[in-house]
Amino acid sequence: KQEVTQIPAALSVPEGENLVLNCSFTDSAIYNLQWFRQDPGKGLTSLLLIQSSQREQTSGRLNASLDKSSGRSTLYIAASQPGDSATYLCISGGSNYKLTFGKGTLLTVNP
Amino acid sequence: DTAVSQTPKYLVTQMGNDKSIKCEQNLGHDTMYWYKQDSKKFLKIMFSYNNKELIINETVPNRFSPKSPDKAHLNLHINSLELGDSAVYFCASGDFQETQYFGPGTRLLVL
């Protein structure tokens, strides 16, 4: 049974800092891995999707990597801004449309 | 232009009542999902439908029954509501191995 763990559970950084969020998963037989953000009281917004055949994806200041052999993914945020404050979720996609969610990292970027 | 919409956004009701949450997507996806986010912000999948056919049915009480009249709609009906059903329920849609798009969530409070 797939388990997804995110470290740290919470992170507070000053504006402008580069940061890394970590995600690990126990079953490397994944189809893809997604990173989402969740803003308080709102739904989830997809940030990046990495297919199992890919190593990384980039969108603006965000870069996500995937290492299936070690069961790890990282989300790198460059030059963080207060608007980046949110909960970031790592979600692995397995067979039969099944998704397994991490518990998220609560990020606070202080002005 | 909302991609995935849910109604209602808030639902406050008494124990024992029956309630429904509706979900609609205009993205043309074949697959729709229901997730539950508990008080600790942990997301878990409940159901998934692909082209009106149930493909994921996690360990959920029988009081919860999804219904998909067509592939653009997936409604969630809950019978005999209990205090522990209080949570945020998210609907999502997406094709296999592709990004999932989430609705804004329905905040259910059972008194």
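An account of the accompanying structure is given in this report. (Residues numbered from 1 in each chain as written. Chains lettered and ligands numbered in written order. Predicted model: local features only at pLDDT ≥ 70, side-chain atom pairs only at ≥ 80, totals over all residues. Heavy atoms only, no water.)

1. A few points about the packing of aromatic side chains
Each aromatic ring pair is described using two quantities: the centre-to-centre distance and the angle formed by the ring planes. How we decide: Aromatic rings from Phe, Tyr and Trp, taking only the six-membered ring of Trp, are treated as a pair when their centres fall within 6.5 Å; an angle between ring planes under 30 degrees marks them as stacked, one over 60 as edge-to-face, and anything in between as tilted. Only runs of H or I of at least four residues qualify as helices and only runs of E of at least two qualify as strands under DSSP, and these elements are numbered from the N terminus. Type-normalised accessible area, obtained with a 1.4 Å probe on protein chains alone, sets the label of each residue: buried when under 20%, exposed when over 50%, and partly exposed for intermediate values.
Summed over the entire model, instances satisfying the criterion amount to 7 aromatic pairs over all chains. Judged by centre distance (6.4 Å) and plane angle (75°), the rings of Phe90 of chain B and Phe102 of chain B are edge-to-face. Taken together, the residues span a long stretch of sequence, with Phe90 of chain B in strand S9 (residues 87–93) and Phe102 of chain B in strand S10 (residues 101–102) at a distance of 12 residues. With relative accessibility at 9%, the residue Phe102 of chain B sits in the buried group. Here the aromatic cluster, defined as three or more aromatic residues joined through ring pairs, consists of Phe36 and Phe101 of chain A together with Tyr33, Tyr35, Phe90 and Phe102 of chain B.

2. Some remarks on the pattern of salt bridges
Quick reminder of the rule: Salt bridges are identified by distance alone: a Lys or Arg side-chain nitrogen within 4 Å of an Asp or Glu carboxyl oxygen.
This model, assessed by the stated rule, comprises 5 salt bridges over all chains. Ionic pairing is found between Arg37 of chain A and Asp39 of chain A, a salt bridge with its closest N-O pair at 2.7 Å. Accessibility expressed as a relative area gives 13% for Arg37 of chain A, which makes it buried. The salt bridge involving Glu82 of chain B is made with Arg63 of chain B; its shortest N-O contact spans 3.5 Å. Here the residue Glu82 of chain B occupies a position in the loop between strand S8 (73–78) and S9, and Arg63 of chain B occupies one in the loop between strand S6 (53–57) and strand S7 (64–70), the gap between them amounting to 19 residues. A single salt-bridge network, built from bridges that share partners, covers Arg63, Glu82 and Asp85 of chain B.

3. Regarding the sheet that holds strand S8 (residues 72–77) of chain A
Residue and element names in this part refer to chain A. The condition that has to hold: Between any two strands, pairing holds if DSSP finds at least two bridges. Between N-to-C directions, angles cover 0 to 180 degrees, with each direction set by a line fitted to C-alpha atoms, over the stretch in contact for helices.
Read from one edge to the other, the open sheet built from 5 strands follows the order S1-S3-S8-S7-S6, with strand pairing classed as antiparallel. The strands lining the two open edges of the sheet, one partner per strand, are strand S1 (4–7) and strand S6 (56–59). Pairs of neighbouring strands in the sheet enclose a mean axial angle of 15°, with direction left out of account. Two strands pair when backbone bridges link them, and strand S7 (residues 62–67) and S8 are joined in this way by 6 bridges, in the antiparallel orientation. Bridge pairing in S8 links Leu66 to Ser73.

4. Examining the interface of chain A and chain B
Selection criterion: Contacts are residue-level and defined by heavy atoms, with any inter-residue pair within 4.5 Å sufficient. Buried area, as used here, totals the accessible surface that two parts lose on assembly, with accessibility defined by a 1.4 Å probe and the loss added over both. Each polar contact in these results corresponds to two N or O atoms within 3.5 Å; when the atoms are within protein, one needs to be able to donate a hydrogen and the other to accept it, and residues that are neighboring in sequence are counted only if both atoms are side-chain atoms. Note on residue classes: Ala, Val, Leu, Ile, Met, Phe, Trp, Tyr, Cys and Pro are nonpolar, Asp, Glu, Lys and Arg are charged, and everything else, Gly too, is polar.
Opposite the 21 residues of chain A that make contact, chain B presents 22 residues. Note on chain A versus chain B: buried area summed over both sides is about 1900 Å², and carbon and sulfur give 61% of it. Connecting chain A to chain B are 2 residue pairs in polar contact (both at pLDDT 80 or more). Mapped onto the side of chain A that touches chain B, the elements with two or more residues apiece are strand S4 (32–38), strand S5 (44–51) and strand S10 (99–101) of chain A. Within the side of chain A that touches chain B, the residues separate by chemical class into 8 nonpolar, 10 polar and 3 charged.

5. Looking at unusual backbone geometry
Put simply, Ile7 of chain A and Pro8 of chain A share a cis peptide bond, and its omega is 0°. You can see Pro8 of chain A is positioned in the loop between S1 and strand S2 (10–14). A cis amide bond, omega 0°, links Thr7 of chain B with the succeeding residue Pro8 of chain B. Its place among the elements puts Pro8 of chain B in the loop between strand S1 (4–7) and strand S2 (10–13). In the Ramachandran plot, Lys52 of chain B falls in the positive-phi region, its phi being about 70° despite a non-glycine side chain. Considering the arrangement of structural elements, one finds Lys52 of chain B in the loop between strand S5 (43–50) and S6. Phi angles above zero are rare outside glycine, and Ser80 of chain B is one such case at about 45°. Owing to a relative accessible area of 38%, Ser80 of chain B belongs among the partly exposed residues under this scheme.

6. Points about the side chain of Gln38 of chain A
Looking at the secondary structure, you find Gln38 of chain A in strand S4. We classify Gln38 of chain A as buried; its relative accessible area is 10%. A distance of 2.9 Å separates the side chain of Gln38 of chain A from the side chain of Gln37 of chain B, its partner in a polar contact. With residues up to four places along the chain from it excluded, the contact list for Gln38 of chain A reads Gly43, Leu44, Ala86, Thr87 and Leu89 of chain A together with Gln37 and Phe90 of chain B.

7. Here we look at the state of the cysteines
Applicable threshold: Disulfides are defined as pairs of cysteine sulfur atoms found within 2.5 Å of each other.
Considering all chains together, one arrives at 2 disulfides over all chains under this definition. A sulfur-sulfur distance of 1.9 Å marks the disulfide that ties Cys23 of chain A to Cys90 of chain A. With the S-S bond torsion at -60°, the cross-link from Cys23 of chain A to Cys90 of chain A turns out left-handed. With Cys23 of chain A in strand S3 (residues 19–25) and Cys90 of chain A in strand S9 (residues 86–93), the pair connects residues that are 67 residues apart, well separated along the chain. Cys90 of chain A gets classed as buried once you look at its relative accessible area, which sits at 0%. The disulfide bridge from Cys23 of chain B ends at Cys91 of chain B, spanning 1.8 Å between sulfur atoms. Where Cys23 of chain B bonds to Cys91 of chain B through sulfur, the torsion about that S-S bond is close to -75°, and the disulfide is left-handed. Here Cys91 of chain B lies in strand S9 and Cys23 of chain B lies in strand S3 (residues 19–25), a separation of 68 residues in the sequence. As far as burial versus exposure is concerned, Cys23 of chain B and Cys91 of chain B are alike and both buried.

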